[in-house]
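Tertiary structure, described
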Amino acid sequence: MARRLTPWRWAVLGLAALYFLVPLGASVIFTVDVPGQGVTFDAYTQIVSADGFVSSLLLSLELAAATIVVVLLLMVPAVVALRLGAPRLRPLVEVVCSLPLVVPPIAFVAGIATVLKWGPDHLSRTPLFQTFVAVQNPDFPIVLVLAYVVMALPFVYRALDTGLRAIDVGTLVEAARSCGASWPQALVRAVLPNLRGALLNASFLTLALVLGEFTVARLLGFQPFAVWIYNVGGSQAQMSVAVSVLSLLVTWALLLALAGAGGRTRTAASRG
């Protein structure tokens, strides 16, 4: 049976490779083949010195780091508590965490913009007005972090739930508690080390989401990395495609590194 399926597996892998590599190859050719000049790599060498590249990339990385920290601090205790004390609420929490996949981003950002308008319209004479101003600081828009936390909930919940299903959380917590550990210590020292793979998966998915998100940031008037690529594409198409190719390669490299780290962790655990 395995021999019969082998040609089909190669066919599926070949089609998948064509689906991903042909557009990528066409993009690379577009960035290096300049009519009248031949092959040149100016589109790649000019990326670092391009206006706004470093600032937009750093902003996206800062937003990604803050989003990862907030969403993990929010979801890890919640999912563990749900697993230990209220398993019957799991369907309800799963539905709530899946809502960002149902709500269109344009409707989501329209709701955020409406709430942000409450500041100058209704709260201009209250202390809350400064809070509305602070969360919209262009140097570090906290409102984007809050929006990205909501958008990352489906992916983070699914990754953590899968990781928790692979371990016996109740036994680990009871063993830690019997040794005198408090609930926070039991979570940090007993549960989190066994969720390393799930935490890495959740962090990677959140990072990819933040680096590639465009709609919310664009409509709210901020310029992280994805918006910068769009703006550059209006005047420097080759550089825009070159940046997109590099970001895609970096994302793939992170995914392969994550897969390799997870494989090494499982191998070490099986040997132990």
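To keep things clear, this report deals only with the structure shown in the data block.

Conventions adopted
Within each chain, residues carry numbers counting from 1 in the order of the written sequence. At least 70 in pLDDT is required for a residue's local features to be given in this predicted model, at least 80 for side-chain atom pairs to be given and counted, and no such filter applies to totals for whole chains, interfaces and linings, which use all residues. Computation of side-chain values covers all heavy atoms of the structure but excludes hydrogens and water. Strands here mean DSSP runs of E at least two residues long; helices mean DSSP runs of H or I at least four residues long; both are numbered from the N terminus. Burial classes follow relative accessibility: with a 1.4 Å probe on protein chains only, a residue under 20% of its type's maximum area counts as buried, one over 50% as exposed, and anything between as partly exposed. In what follows, residue pairs with any heavy atoms lying within 4.5 Å of each other are defined as contacts. Surface exposure here means Shrake-Rupley accessible area, sampled with a 1.4 Å probe, where a residue is shielded only by the protein chains that are shown. We call a set of buried residues a nonpolar core when its members are Ala, Val, Leu, Ile, Met, Phe, Trp, Tyr or Cys and they connect through side-chain atoms within 4.5 Å of each other. Aromatic rings from Phe, Tyr and Trp, taking only the six-membered ring of Trp, are treated as a pair when their centres fall within 6.5 Å; an angle between ring planes under 30 degrees marks them as stacked, one over 60 as edge-to-face, and anything in between as tilted. One less than the residue count of a helix, multiplied by 1.5 Å, gives the span that helix is expected to have. One axis fitted to the seven residues ending at a residue, another fitted to the seven starting there: the angle between these axes is the bend at that residue. For this analysis, a polar contact is any N or O atom pair within 3.5 Å, provided that within protein one partner can donate a hydrogen and the other can accept it, and provided that sequence-adjacent residues contribute only side-chain to side-chain pairs. Salt bridges are defined as contacts in which a side-chain nitrogen from Lys or Arg sits within 4 Å of a carboxyl oxygen from Asp or Glu. Here an angle of 0 to 180 degrees is reported between the N-to-C directions of two axes, which are lines fitted to C-alpha atoms, with helices fitted over the stretch in contact. Here roughly perpendicular refers to angles of 65 to 115 degrees, roughly parallel to angles under 35, roughly antiparallel to angles over 145, and oblique to all remaining angles. For any pair of crossing helices, the crossing counts as left-handed if the nearer helix is rotated counterclockwise from the farther one by less than a right angle, and right-handed if it is rotated clockwise. Each residue gets one of three labels, nonpolar for Ala, Val, Leu, Ile, Met, Phe, Trp, Tyr, Cys and Pro, charged for Asp, Glu, Lys and Arg, and polar for the others, Gly among them.

**Describing the overall build of the protein**
A tally of helices and strands in the protein yields 14 helices and 2 strands. Every one of the 272 residues in the protein was classed for burial, and the buried ones make up 33%. For the protein, restricting intrachain contacts to residue pairs at least 6 apart in sequence, the fraction spanning at least 24 positions comes to 75%. Summing over all exposed atoms, the protein offers an accessible surface of approximately 16,600 Å²; the carbon and sulfur share of this is 68%.

**What to know about the nonpolar core**
In this structure, M75 and L220 are the most contacted members of the largest nonpolar core, which totals 53 residues. Contributions of two or more residues to this core are made by α3 (53-85), α5 (105-116), α8 (142-165), α9 (169-178), α10 (183-191), α11 (196-212) and α12 (215-220). With 14 residues, the top contributor of residues to this core is α8. Those residues in contact with M75 that sit more than four places away from it in its chain are C97, L153, V156, Y157 and L160.

**Concerning the packing of aromatic side chains**
By the definition in use, this model includes 5 aromatic pairs. With centroids separated by 6.0 Å and ring planes inclined at 70 degrees, the aromatic side chains of F53 and F225 adopt a geometry described as edge-to-face. With F53 in helix α3 and F225 in helix α13 (residues 225-233), the pair connects residues that are 172 residues apart, well separated along the chain. In this structure F53 comes out as buried when scored by relative accessible area, which is 13%.

**Brief notes about α8**
Here α8 spans 33 Å end to end across 24 residues, near enough to the 34 Å set by a 1.5 Å rise per residue. Along its length, α8 shows its largest kink, about 50 degrees, at A152, and proline P154 lies within four residues downstream of that point. A large share of α8 lies buried, amounting to 17 of its 24 residues.

**Notes on the environment of T171**
Its place among the elements puts T171 in helix α9. With a relative accessible area of 45%, T171 lands in the partly exposed category. Note: C-alpha distance between T171 and A190 (19 residues apart in sequence) is 9.8 Å. Separated by 2.6 Å, the side chains of T171 and D168 make a polar contact.

**Quick notes on the pattern of salt bridges**
Considering all chains together, one arrives at 4 salt bridges under this definition. As a salt-bridge pair, R90 and E94 come within 3.7 Å of each other at their nearest N and O atoms. Of the two residues, R90 and E94 are both situated in helix α4 (residues 90-102); the distance of 4 residues between them amounts to about one turn of the helix. R158 is the salt-bridge partner of E94, the closest N and O atoms lying 2.6 Å from each other. Highlighted residues: E94 in helix α4 and R158 in helix α8, separated in sequence by 64 residues. The partly exposed category is assigned to R158, whose relative accessible area is 39%.

**Brief notes about the packing of α9 against α10**
At a minimum axis separation of 9 Å, α9 and α10 run at an interaxial angle of 120 degrees. Comparing their axes, α10 and α9 come out oblique. As α9 packs across α10, the resulting crossing turns out to be right-handed. Between α9 and α10, the contacting residues are V169, L172, V173, A176 and R177 on the first element and W183, A186, A190 and V191 on the second. Classifying every residue of the contact of α9 with α10 by side-chain character gives 8 nonpolar, no polar and 1 charged.

**Section: the environment of L248**
Following the sequence through the fold, L248 ends up in helix α14 (residues 237-271). Owing to a relative accessible area of 33%, L248 belongs among the partly exposed residues under this scheme.

From the geometry alone we can't say anything about function, so treat these as descriptive.
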